[in-house]
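Residue-level structural notes
Here is how the chains run, residue by residue.
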Amino acid sequence: MFNEKVHVMDHPLVSHKLTIMRDKSTSVKDFRELVSEIGMLITYEATRDLPLTDKEIETPICKTTMPTLAGKKFAVVPILRAGLGLVDGVLRMVPSARVGHIGMYRDEETLQPHVYFAKMPTDIAERDIIIVDPMLATGGSAVEAITEMKKRGCKNIKLMVLVAAPEGIKAVQDAHDDVHIYCGAVDEGLNERGYIVPGLGDAGDRIFGTK
Ligand code: PRP
Ligand code: URA
C-alpha cells in the first residue's frame, strides 16, 4: 500500500503500549510515560542507518578495534505541543542530539496548520533531522514542518509519529517524497473533525492534561 519509505513498527511491545495509550481511561501520567517509551523504541528503528566508524580500544583481555558511532550531526525537532512528549525518548537513545522546536497548531475549523514559533540550532542545515509528533492525521502539520526545515537548508529529514492515518502518509509522500516516515501504527482513517480513527484522541491534551 505504501512505498519503502514508510516504516511501520511491527513489534509486540509497541502494539501493547499503544493499546494502553488508546484506552481513554489511561491516566495522564501513564500516557506521558508511554509516549516517551514508544518514542525510544521507534528511535531504535529510525537510527538504523547511522554511520559507524572503527575505534581502537583495550578490553580486559586484549587490544581490539570495534565499531562506534561516527558522530554524524543530528537534531530532533518536535512539533509543539504534542511532539515534546517524544523528545525525551529520542534523547535517551541519542544523548548528543540537538533539539529544535517548531510551534504549530491546527485550526479546528479548516484543519490548516499555522506556525507560531520556530527556534533551531544555528548549524541546523548541517544536521540530519528527525521531526517528531505523536499524530499524523491530515498530514498538514507534518508537511508544513518539513517545508520549514527544508527552507532552513536541511536535506536528510525523517518523520517519526506514533499513530498515522493513511491520508496523512499520502499527504507527506505527495509533498515530500524524499522523507522516510516511521510510525508505531497505521489506523483506519479520519473522522469528520480530522481525528484519527480509532486513534487515541487529542495527543496534546492527553500528554499535558489540558482537557
Ligand atoms: C495535533 C498533533 C499534530 C497535528 C496532526 O496537534 O500533535 O501536530 O494535530 O494533525 P494534522 O496531521 O491534521 O495536521 P494540535 O494542532 O492539536 O496541537 P497541540 O499539539 O498543541 O495539541
Ligand atoms: N491531532 C490529534 O491530537 N489527534 C488526532 O487524532 C488528530 C490530530
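A few points on the structure.

A word on the site of ligand 2
Contacts to ligand 2 come from Arg106, Met135, Ala137, Gly194, Tyr195, Ile196, Gly201, Asp202 and Ala203. One nitrogen or oxygen atom from the main chain of glycine 201 is found 2.8 Å from a nitrogen atom belonging to ligand 2. In isolation ligand 2 exposes 240 Å². Once the protein is present, 88% of that is buried. Most atoms of ligand 2, that is more than half of them, are within 2 Å of grid points of the largest pocket. The residue inventory of the shell around ligand 2, partitioned by class, reads 5 nonpolar, 2 polar and 2 charged.

Here's the deal with the pairing of strand β11 (residues 180–186)
Most of β11 is tucked away, with 5 of its 7 residues classed as buried. Relative to β11, strand β1 (residues 6–8) runs parallel, the two sharing 3 bridges. Across the sheet, valine 8 pairs through a bridge with cysteine 183, a residue of β11. Two elements, strand β10 (residues 157–164) and β11, share 6 bridges in a ladder whose sense is parallel. Each residue of the ladder has a partner; that of valine 161, found in β11, is cysteine 183. One crossover worth recording links β10 to the parallel β11 by way of helix α5 (residues 166–175), and it is right-handed.

What counts as what
- Residues numbered from 1 in each chain as written.
- Chains lettered and ligands numbered in written order.
- Predicted model: local features only at pLDDT ≥ 70, side-chain atom pairs only at ≥ 80, totals over all residues.
- Heavy atoms only, no water.
- Near = heavy atom within 4 Å.
- Polar contact = N/O pair within 3.5 Å; in protein donor to acceptor, adjacent residues only side chain to side chain.
- Areas by Shrake-Rupley, 256 points an atom, 1.4 Å probe, with all protein chains shown as cover.
- 1 Å grid on protein atoms, 1.4 Å probe; cavity = no way out; pocket = protein on both sides within 12 Å on 5 of 7 lines; lining within 4 Å.
- Sits in = over half its atoms within 2 Å of the grid points.
- Nonpolar A, V, L, I, M, F, W, Y, C, P; charged D, E, K, R; others polar.
- Buried < 20%, exposed > 50% of the residue type's maximum accessible area, 1.4 Å probe, protein only.
- Helix = DSSP H or I, 4+ residues; strand = E, 2+ residues; numbered from the N terminus.
- Pairing = 2+ DSSP bridges.
- Right-handed = clockwise from strand over helix to strand, strands pointing away.

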